[in-house]
Amino acid sequence: MADHVSALIPDAHRVFAQIPTAPDDPILGLTETFRKDPRPQKVNLGVGVYQDGAGVVPLLGAVRKAEEILISKGLSRSYLPIEGHATFREKLQRLVFGETSSALAEGRIVSAQTIAGSGALRLGADLLVFATPGATIYISDPSWANHQAIFERAGLKVASYPYFDPATKALHLSAMLETLNHIPEGSIVLLHACCHNPSGVDPSREQWQQIADVLAARNAIAFIDMAYQGFGDGPHEDAYAVRLFAERGIPLFVSTSCSKNFGLYAERVGLLSFVANNAHTAHCMLTQWKRLIRGNYSSPPFHGASIVAEILSNRELEAEWISQLAEMRTRIKEQRGLLAAALGGKGLDIDFSFMVEHRGMFTYTGFTEQVVDRLRDEHAIYMVRSGRMCVAALNNSNIDYVAESIAASLRATMR
């Protein structure tokens, strides 16, 4: 009997022996390479993480105080409900949709706590596959590298619409609206609420209204990804598109992340919301989400959501958080200006003012892959090969070196 079993083992393992090595993630894999680089003067401008002036991911004072309060309460660590922390969901809904939201007042918004913003995107995608089989989701060109993977692996078809104009380093609104005007009715359109990743280019309020007009005319479903609320102009200002679409009555999914604006990257705190045209449909949506969550990770984690709930339930802590968020936002804008000014003084025939006009943690530099490769190989400066730069990783101790290295790499490729 033992000989018979051992003879079967090779066949059982053969299935796994044929699995090839997967390529590294274009962003997280870049960080692994950066960490292994032995050169003492190196800069990682690839990963989307906010760093303070000392190059450290900060622990916000409001977060630290909220944790101390939670510890003093000695709360149980029993399972949360499938849909997540009730206070967290309620408070974050109001931060996203506004205190005066008619959809909230009418019970037309439901939300579920998720495993960060990525988990919210996937949960929304799973529901869309169930509700709209065979549908296509349109994402911006360019978009966050993981958007396509998340939606494709859930089973949605993925197409794109024009967004960034490389010539002007600005929004290509006419091409965007032209494409969206011709999408099939019932299509899904993914939009970035603010601080577009990777371009740093956002629509103005007037342009958002034009986009909403087109989606309403096409009977489209909107899916807004809001990963950087507060990094553009402020937490309420940055929610303009979400609130506009909610009030316009467009079917709306909203993915919200607390990783960046609360500095809770490792806690994986997110929220998925849906705005329906009536409370009954909203309730049905929540029941389906609970079914999907139960069959996936069962219920979400406690700690990070409790921190956010504590901050948004305490006026003093909320005010402190808003102040600290403003400090982060201001520092990023200052680094944008300093880099643009430094590059402008290098004698290159390139206008770098677009860096100042972009918003949030990223800017699309327009650098070719050859320039990006030179920055990495010759100067130990790491960027995504698309040319996306994380401006939040710049500080007063590395910005001159970065500017000089960029100038040298650009000159070398122009020869």
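Look up: the structure comes first, before these words.
All figures in this text were calculated on a predicted structure; none of them were measured in a lab. (Residues numbered from 1 in each chain as written. Predicted model: local features only at pLDDT ≥ 70, side-chain atom pairs only at ≥ 80, totals over all residues. Heavy atoms only, no water.)

### Here we look at the pairing of strand E7 (residues 188–192)
In terms of residue burial, E7 counts as a mostly covered element, since five of its five residues are buried. Burial of E7 is two-sided: the residues Ile188, Leu190 and His192 facing one way and the residues Val189 and Leu191 facing the other way are all buried. In this sheet, E7 lies alongside strand E3 (residues 136–141) in parallel orientation, the contact comprising two bridges. Each residue of the ladder has a partner; that of tyrosine 138, found in E7, is valine 189. Examined bridge by bridge, E7 and strand E8 (residues 221–226) share five bridges and lie parallel to one another. (Buried < 20%, exposed > 50% of the residue type's maximum accessible area, 1.4 Å probe, protein only. Helix = DSSP H or I, 4+ residues; strand = E, 2+ residues; numbered from the N terminus. Pairing = 2+ DSSP bridges.)

### Observations regarding helix H7 (residues 145–154)
Helical geometry note: an α-helix holds 3.6 residues per turn, so side chains three or four residues apart project in the same direction. For H7, the full list of buried residues reads His147, Ala149, Ile150, Phe151 and Ala154. For H7, the secondary structure elements touched by its buried residues are helix H6 (116–131), E3, strand E4 (157–162), E7 and E8. After H7 finishes, the residue glycine 155 shows a positive phi value of roughly 115°. (Contact = heavy atoms within 4.5 Å.)

### Quick word on the packing of aromatic side chains
One pass over the full model with this rule turns up 10 aromatic pairs. The interplanar angle of 25° and the centroid separation of 5.4 Å between the aromatic rings of phenylalanine 223 and phenylalanine 253 together place this pair among those described as stacked. Pair noted here: phenylalanine 223 is in strand E8 and phenylalanine 253 is in strand E9 (residues 252–257), with a separation of 30 residues, a long-range link. Grouping residues by exposure puts phenylalanine 223 and phenylalanine 253 together as buried. (Phe/Tyr/Trp six-rings, centres within 6.5 Å; stacked < 30°, edge-to-face > 60°.)

### Some thoughts on the pattern of salt bridges
Summed over the entire model, instances satisfying the criterion amount to 20 salt bridges. Note that glutamate 310 is salt-bridged to lysine 73, the shortest N-O span being 3.0 Å. A residue pair is termed long-range when its members are at least 10 positions apart, and glutamate 310 in helix H12 (residues 303–313) and lysine 73 in helix H3 (residues 61–73) qualify at 237 residues. A salt bridge links arginine 122 to aspartate 126; its shortest N-O distance comes to 3.0 Å. Residue arginine 122 and its partner aspartate 126 are located together in helix H6, separated by four residues, close to a single helical turn. Residue classification places arginine 122 among the partly exposed positions, given a relative accessible area of 32%. Connected through salt bridges with shared partners, the residues Asp202, Asp233, Asp238, Lys333 and Arg359 form a single ionic network. (Salt bridge = Lys/Arg side-chain N within 4 Å of Asp/Glu carboxyl O.)

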